[in-house]
Every structure is written in C-alpha cells, then in structure tokens.
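# Report on the structure
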Amino acid sequence: MSACRKAFLVAWAAAASACRGGAERGTERAPEVFGFGRAATAEEIRAWDTDVMPDGTGLPPGSGTVAEGAAVYAAKCVVCHGSTGQEGPFDRLVGREPREGFPFGRDPRLLSQRTIGSYWPYATTLYDYINRAMPFTAPGSLRPDEIYALVAYLLYLNEIVPESAVMDGQTLPAVAMPARDRFVRDTRRGGAELRE
Ligand code: HEC
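A brief structural summary. (Residues numbered from 1 in each chain as written. Predicted model: local features only at pLDDT ≥ 70, side-chain atom pairs only at ≥ 80, totals over all residues.)

Listed as buried for helix H5 (residues 124–133) are Thr124, Leu126, Tyr127 and Asn131. The buried residues of H5 occupy an angular sector of 160° when the element is viewed end-on, so they sit on one face. Exposed and facing more than 90 degrees away from the buried side of H5 are Arg132 and Ala133. Looking at the buried positions of H5, the neighbouring elements they touch are helix H6 (144–157). (Buried ≥ 20, exposed ≤ 12 C-beta atoms within 10 Å, placed from the backbone. Helix = DSSP H or I, 4+ residues; strand = E, 2+ residues; numbered from the N terminus. Arc of directions from axis to C-beta. Contact = placed C-beta atoms within 7 Å.)

A few words now on H6. Compared with an ideal rise of 1.5 Å per residue, which puts 14 residues at 20 Å, H6 spans 20 Å between its outermost C-alpha atoms and is within 8% of the ideal. For H6, a buried count of twelve out of 14 residues is recorded, marking the element as mostly surrounded by other parts of the structure. Among the residues making up H6, those that are buried are Glu146, Ile147, Tyr148, Ala149, Leu150, Val151, Ala152, Tyr153, Leu154, Leu155, Tyr156 and Leu157. Tucked inside the fold, the buried residues of H6 contact strand E1 (63–65), helix H3 (66–76), H5 and strand E2 (166–168). Where H6 ends, the next residue or the one after it, Glu159, has phi of about 60°, a positive value. (Expected span 1.5 Å × (residues − 1).)

Let's shift gears to the site of the ligand. The environment of the ligand is formed by 17 residues, the closest being Cys77, Cys80, Met134, Pro135 and Phe136. Sorting the residues of the shell around the ligand by element identifies helix H4 (78–81) and H5 as the ones contributing at least two each. Sort the elements by how many residues they give to the shell around the ligand and H4 lands first, with three residues. Class assignment of the residues belonging to the shell around the ligand gives a composition of twelve nonpolar, three polar and two charged. (Near = placed C-beta within 6 Å. Nonpolar A, V, L, I, M, F, W, Y, C, P; charged D, E, K, R; others polar.)

On to the nonpolar core. Ranked by size, the top nonpolar core spans 27 residues in total, and within it Val151, Ala152, Tyr153 and Leu154 carry the most contacts. Contributing elements (two or more residues each) for this core: H3, H5 and H6. The element contributing the most residues to this core is H6, with eleven residues. Excluding residues that lie within four positions of it along the chain, Val151 makes contacts with Leu126, Tyr127, Ile130, Met167 and Leu172. (Core = buried A, V, L, I, M, F, W, Y, C linked by C-beta atoms within 7 Å.)

Closest axis-to-axis distance for the H5/H6 pair is 10 Å, and the angle between their directions is 125°. Our classification of the angle between H5 and H6 gives oblique. The hand of the H5/H6 crossing is right-handed. Across from Leu126, Tyr127, Ile130 and Asn131 in H5, the residues of H6 making contact are Ile147, Leu150, Val151 and Leu154. Split by residue class, the contact of H5 with H6 holds seven nonpolar, one polar and no charged. (Axes fitted to C-alpha atoms, helices over the stretch in contact; angles between N-to-C directions. Parallel < 35°, antiparallel > 145°, perpendicular 65-115°, else oblique. Left-handed = near helix turned anticlockwise from the far one by under 90°.)

Written out as structure tokens, the structure is:
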C-alpha cells in the first residue's frame, strides 16, 4: 500500500471513531449558532427570488409585443436557435408536430421533437426559463419587457397567440398551451407509493 493511501486510511479511521464516539455518548450536539455568515438582506433575497409559478405568481410588471420580441430574438437568440426557431444549432423552439395525440412517452424517437408548442404545459414557464437561463452566454441580462416580448414572439411562432398579442402579467397566465392537459400532478411522496 502506498504511503499516501495508508495515511488517508489512518485519518479516515480516526475520524470515523471520533464520530462514533460522539454519537454513542450522545453528548455532541450541533451548536445553535455556528458563528459565521450573516442574514441575507431583503435586496439579496429579492435578486434570487425570481420564480414564476404556472398560475403567473411572481410575474413582474412590464409587457411586450410580438414585433418587439422578433427584434430581441434576432439580436440575442438567433445565433443558437435559428432564424425561425427551428434550425438550431441548439434546442428547437418552434414546432407543433404531431398536432394530434401526445406520443412522446411511447416513442423515444419523438423526444427530440418536443418543443414549446408541442410539449410545454404552461406559458408562464417560458418567462421563468428565459429569465433565469437565456441567452445561454448571459443569463439574467434581459429586462422584463424584453422577456415578455420574446415570450409573445415564441408563442406566436408556435401558432399559439396571434401576431397582435401583447404579453404581460395578466395575459400570459391566460394563454392555454396545447399540451396543458397532457400532464398530471405528481403526488408521489418520494417513494414507491402510488399516486392518489
Ligand atoms: C449561445 C447559445 C444560445 C443563445 C444565444 C440562446 N440560447 Fe436558448 N438554449 C441554448 C441551449 C444550449 C439550450 C439548452 C439548455 C439545456 O438544455 O440546459 C437552450 C434552451 C432554450 C430554451 C428551452 C428549450 C426547450 O424546449 O427545452 C428556450 C425557451 C430558449 N433556449 C430560449 C432562448 C431565447 C429566448 C434566447 C435569446 C434571448 C436564447 N435562448 C439564446 C443556447 C442558447
């Protein structure tokens, strides 16, 4: 055995024994205060607290149109998602095939066809996702008006809203996605229990 490995094993055995000893005696308790860190400020919490829920809870003030979204898309998204949202090189954002049925779970070959139009159950997730993750190279850099506009444009390209659509905190949660009823609430509790 190498000297290094032996030293590691000895140290590990000593640590294990010390931990076991503490547990057996039942005397070691976590201190109430560890003595480091500080409470997050309201501003810091606000900066992280950006979740947008399926019902629209968390959507900020602002709005955007399809035309405005087309301009932002051309400047910041087209290089990775293609001029019509279908060409890539990265994820395809536009497509409604197959129009009938929902075969994704049965046929793994179709998984690559999942798009906003054919698969996403909630329009509000688009806001949440673009806000936290896109553009890939500069996540968090878009303003609410730009995100609302991009969402309007992508929903329009997927033939879900008309070209005149304006997206904001009221109109976005009201958009009915084609795949909305294709999902059930997962009520498992982390184990093998059956769904309710
Ligand atoms: C540098 C390349 C790049 C740029 C620029 C970019 N994206 Fe993406 N986008 C990606 C990659 C890579 C993924 C897949 C990420 C993953 O699966 O974790 C993705 C995924 C997405 C998805 C999720 C697709 C799905 O169905 O899962 C959306 C929506 C999206 N991008 C929108 C945008 C928008 C809007 C912009 C412009 C503001 C943008 N992207 C700019 C690379 C990019």
